[in-house]
Amino acid sequence: MIDLYFFPSPNGLKVAIFLEEAGLDYRVKRVEIGRGDQFDPEFLAISPNNKIPAIVDHDGPGGQDLSLFESGAILVYLADKSGRFLSDDQVQRARTLQWLFWQVGGLGPMAGQAHHFRAFAPERVPYGIKRYTDECNRLYGVLDRALAETGYLAAEYSIADMAAWPWIFPHQRQGQDLADFPNVRRWYHRVGGRPAVRRALELGAEELMDEAGYQVLYGQRAANLPGPSSREKP
Ligand SMILES: N[C@@H](CCC(=O)N[C@@H](CS)C(=O)NCC(=O)O)C(=O)O
């Protein structure tokens, strides 16, 4: 049994999609990040970066519990555990990991910032809006060119597609129009039509938070964050 520490945001969705695709036994432990659940000591012991997703695999290697945070690391672990969606072939595996890292280090953070500056910044910052909307647009272009050659990011449907798709799902709020990216649009509908992806989406649409929720999320600094031994939320 795998415990999935989850909130219905793009990063949470990635791992939910994998678990649904692979048919692994899992249960959802919802982490209300707008209420500060990510600062609970029990959660910090699993995810010291105070972010979802995280998992605890109660049937980890050697029959031991294994806890993991960072969506990319979780996807690789689950793919290796199940033997699904990450090829053994060295070239295919390297190509899949290349796109997985591209998503985790590029598309996710840039799209997140585009959304932040476009919708949530307490003051309107035109430079920030343009900088991240443009960078997001460039990354959509990279994705579009890659998908022109192959139906999926690494020839076969893989953890790379599962990582990237949840970040294209909210394309409108990143200021992107899929009409400008026909290969992305085709892939977006193909992946989005998979029953496992639909089931993962049913775990919850991302709810908008109230002002207090955003104050929990934004403005975190090292000095005001609790460690795993503390009981206080910021
Ligand atoms: N690099 C991390 C990013 C995870 C992440 O940003 N999670 C957000 C939700 S999408 C979160 O938990 N935020 C809570 C917080 O920042 O306090 C990953 O890929 O797992």
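Data block above holds the structure.
Values in this document were obtained by computation on a predicted structure and should not be read as measured data.

1. Concerning the overall build of the protein chain
Alright, step 1. Scanning the protein chain from terminus to terminus reveals 9 helices and 4 strands.
Alright, step 2. Along the protein chain, from the amino end to the carboxyl end, the secondary structure elements read β-α-β-α-β-β-α-α-α-α-α-α-α.
Alright, step 3. For the protein chain, whose C-alpha radius of gyration is 18 Å, the value lies close to the compact-globule estimate of 17 Å for 234 residues.
Alright, step 4. In terms of its C-alpha atoms, the protein chain occupies a principal-axis envelope of roughly 50 × 50 × 30 Å.
Alright, step 5. The proportion of buried residues among the 234 residues of the protein chain is 50%.
Alright, step 6. Of all intrachain contacts in the protein chain linking residues separated by at least 6 positions in sequence, the fraction that spans at least 24 positions is 66%.
Alright, step 7. Summing over all exposed atoms, the protein chain offers an accessible surface of approximately 11700 Å²; the carbon and sulfur share of this is 50%.

2. Side note on the sheet that holds strand β2 (residues 26–30)
Alright, step 1. The 4 strands lie next to each other as β2-β1-β3-β4, forming an open sheet whose pairing is mixed. Here the strands that pair on one side only, and so sit at the sheet edges, are β2 and β4 (66–69). Averaged over all neighbouring strand pairs, the angle between strand axes comes to 20°, with direction disregarded.
Alright, step 2. On the sheet, helix α1 (residues 10–22) packs against β1 (2–6), β2 and β3 (54–57) and is oriented at approximately 150° with respect to β1.
Alright, step 3. Running at roughly 135° to β4, helix α3 (residues 71–82) makes contact with β1, β3 and β4 of the sheet.

3. Focus on the nonpolar core
Alright, step 1. Counting 56 residues, the largest nonpolar core has F18, I55, L78, I159, W165, I168 and W187 as its most contacted members.
Alright, step 2. At the level of secondary structure, the elements contributing two or more residues to this core comprise β1, α1, α3, α4 (90–120), α5 (126–149), α6 (159–168), α7 (182–192) and α8 (195–201).
Alright, step 3. Here this core spans two domains, and each of domain 1 (2–84 + 200–224) and domain 2 (90–194) adds at least three residues to it.
Alright, step 4. Ignoring sequence-local partners within four residues, the contact set of I168 consists of L107, Y140, L143, L178, V184, W187 and Y188.
Alright, step 5. If you look at the next biggest cluster of nonpolar residues, it comprises 9 residues, including F7, F43, I52 and A54.

4. Side note on the site of the ligand
Alright, step 1. In the vicinity of the ligand, 13 residues are found, and the nearest of them are Q38, K51, I52, S71 and Q220.
Alright, step 2. At 2.7 Å from an oxygen atom of the ligand is found a side-chain nitrogen or oxygen belonging to K51.
Alright, step 3. Interatomic distance of 2.8 Å between a backbone N/O atom of I52 and a nitrogen atom of the ligand.
Alright, step 4. Relative to its free-state accessible area of 520 Å², the ligand is covered by the protein chains to the extent of 84%.
Alright, step 5. Among the residues making up the shell around the ligand, the classes are represented as 4 nonpolar, 6 polar and 3 charged.

5. Overview of the packing of α6 against α7
Alright, step 1. α7 packs onto α6 with a crossing angle of 105° between their chain directions and a minimal axis gap of 10 Å. By the angle between their directions, the pair α6 and α7 is classed as roughly perpendicular. Residues D161, A164, W165 and I168 of α6 lie in contact with α7, whose contacting residues are V184, W187, Y188, V191 and G192.
Alright, step 2. Of the residues contributing to the contact of α6 with α7, the split by class is 7 nonpolar, 1 polar and 1 charged.

6. Focus: the pattern of salt bridges
Alright, step 1. The tally for this structure, following the rule as stated, stands at 8 salt bridges.
Alright, step 2. Across the salt bridge formed by D134 and K130, the nearest N and O atoms sit 2.5 Å from each other. In this pair, D134 and K130 are both assigned in helix α5, 4 residues apart and thus about one turn of the helix distant.
Alright, step 3. Residue D134 is classed as partly exposed on the basis of its relative accessible area, which comes to 39%.
Alright, step 4. Accessibility expressed as a relative area gives 52% for K130, which makes it exposed.

Quick notes on the rules
- Residues numbered from 1 in each chain as written.
- Predicted model: local features only at pLDDT ≥ 70, side-chain atom pairs only at ≥ 80, totals over all residues.
- Heavy atoms only, no water.
- Helix = DSSP H or I, 4+ residues; strand = E, 2+ residues; numbered from the N terminus.
- Rg over C-alpha atoms; globule rule 2.2 N^0.38 Å.
- Buried < 20%, exposed > 50% of the residue type's maximum accessible area, 1.4 Å probe, protein only.
- Contact = heavy atoms within 4.5 Å.
- Areas by Shrake-Rupley, 256 points an atom, 1.4 Å probe, with all protein chains shown as cover.
- Pairing = 2+ DSSP bridges.
- Axes fitted to C-alpha atoms, helices over the stretch in contact; angles between N-to-C directions.
- Core = buried A, V, L, I, M, F, W, Y, C linked by side-chain atoms within 4.5 Å.
- Domains from an automatic or database assignment.
- Near = heavy atom within 4 Å.
- Polar contact = N/O pair within 3.5 Å; in protein donor to acceptor, adjacent residues only side chain to side chain.
- Nonpolar A, V, L, I, M, F, W, Y, C, P; charged D, E, K, R; others polar.
- Parallel < 35°, antiparallel > 145°, perpendicular 65-115°, else oblique.
- Salt bridge = Lys/Arg side-chain N within 4 Å of Asp/Glu carboxyl O.

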